[in-house]
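If you want the building blocks of each chain, they are given just below.
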Amino acid sequence: MVRHDEVITAIMMRLGFLFLVVALLGHTTLKAQEPGNAVTKVILSGFSERAYTHEAVTEEQLNLILECGIKAPSARNLQPWKFTVIQDETTMKEAIGNVVPGNVLIVVSGKVAENGSTPDFDCGLATESMFVAAHSLGLGARIYGSPVGPINNQRELFQIPDGYNAVVVLRIGNVDKTVDAVTAATPRKPSAEIVNFRK
Ligand SMILES: Cc1cc2nc3c(=O)[nH]c(=O)nc-3n(C[C@H](O)[C@H](O)[C@H](O)COP(=O)(O)O)c2cc1C
């Protein structure tokens, strides 16, 4: 004969299981209702890191980031860019004084403009794709315009291809993950100041 306390235990276990299923389903539903997705979260939580650790960017990460740059759109699909990867500390320091070992610099150079081409704009798109890709891999990244003058004056040292000029430098590296992205991010102008919806 089945004892009363065994019946109670069996019911409790079934209720517990049911509760677990409902909780899991509820969690999935809530997640699906959250605005945004993995890509928008990376973009909205990203900022331009200044402080890097000495942990090296892996070859796999670097190749994936470069692939994302190559995939960027460009006017007439001219792809008017070259990416020069710099990893040795001495040359990196010529461009950005406070680089640390493990950082990687990608000098994005644009082809001297021809009819209908927009090299600077296209280079910007490729750079942003790589900036977002780096963040999506958990790395830090920062875009630099200031080293472009010195780089274009030392084309041989930086191995800038003939017919191209450096447009911007992307720095990538590992970062101290304890830095809070929300407080580290610089503010943006309010949407009302930037966006107008034609009525
Ligand atoms: C085209 C361009 C050039 C930049 N040049 C520099 C630079 O020379 N030095 C620097 O420290 N940051 C530079 N930055 C980074 C910006 O200062 C930074 O993106 C901006 O202040 C917003 O900060 P956040 O990305 O952390 O929100 C540059 C960014 C862009 C897009």
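To be clear, the structure that these remarks concern was listed above.
Thresholds applied
Residues numbered from 1 in each chain as written. Predicted model: local features only at pLDDT ≥ 70, side-chain atom pairs only at ≥ 80, totals over all residues. Helix = DSSP H or I, 4+ residues; strand = E, 2+ residues; numbered from the N terminus. Buried ≥ 20, exposed ≤ 12 C-beta atoms within 10 Å, placed from the backbone. Contact = placed C-beta atoms within 7 Å. Near = placed C-beta within 6 Å. Core = buried A, V, L, I, M, F, W, Y, C linked by C-beta atoms within 7 Å. Pairing = 2+ DSSP bridges.

Check the secondary structure of the protein and you find nine helices and four strands. Reading the protein from its N end, one meets helices and strands in the order α-α-α-β-α-β-α-β-α-α-β-α-α. Counting every position in the protein, which comprises 199 residues, the buried fraction comes to 23%. Looking at the protein alone, contacts between residues at least 24 apart form 77% of all its contacts between residues at least 6 apart.

Neighbouring residues of the ligand: Phe 47, Ser 48, Arg 142, Ile 143, Tyr 144, Gly 145, Ser 146, Val 168, Ala 185 and Thr 186. Residue contributions to the shell around the ligand peak at three residues, all from strand β3 (residues 140-144).

Another aspect to go through is unusual backbone geometry. Located in the positive-phi region is Asn 77, a residue other than glycine, with phi close to 50°. For Asn 77, the position within the fold is in the loop between α3 (59-70) and β1 (81-86). The backbone of Gln 79 shows a phi angle near 45°, a positive value even though the residue is not glycine.

The nonpolar side chains of a soluble globular protein tend to be buried, and buried together. Counting 28 residues, the largest nonpolar core has Leu 105, Val 107, Val 108, Met 130, Ala 134, Leu 170 and Ile 172 as the members making the most contacts within it. Residue assignment for this core shows that the elements contributing at least two residues are α3, β1, α4 (89-95), β2 (104-111), α5 (119-136) and β4 (164-173). For Val 107, the contacting residues outside a window of four places in its chain are Thr 84, Ile 86, Ile 151, Phe 158, Ile 160, Ala 166 and Val 169.

A word on the environment of Trp 81. Tracing the backbone shows Trp 81 in strand β1. With 22 C-beta atoms packed within 10 Å, Trp 81 lands in the buried category. Linking Trp 81 and Pro 119, residues 38 residues apart in sequence, is a C-alpha distance of 7.1 Å.

What follows covers the pairing of β4. With nine of its 10 residues buried, β4 lies for the most part within the structure. Pairing between β2 and β4: eight bridges, direction antiparallel. When the bridges of β4 are listed, Gly 110 appears paired with Asn 165. Where β3 and β4 come together, five bridges link them in antiparallel fashion. Within β4, the position partnered with Gly 140 by the bridge is Gly 173.

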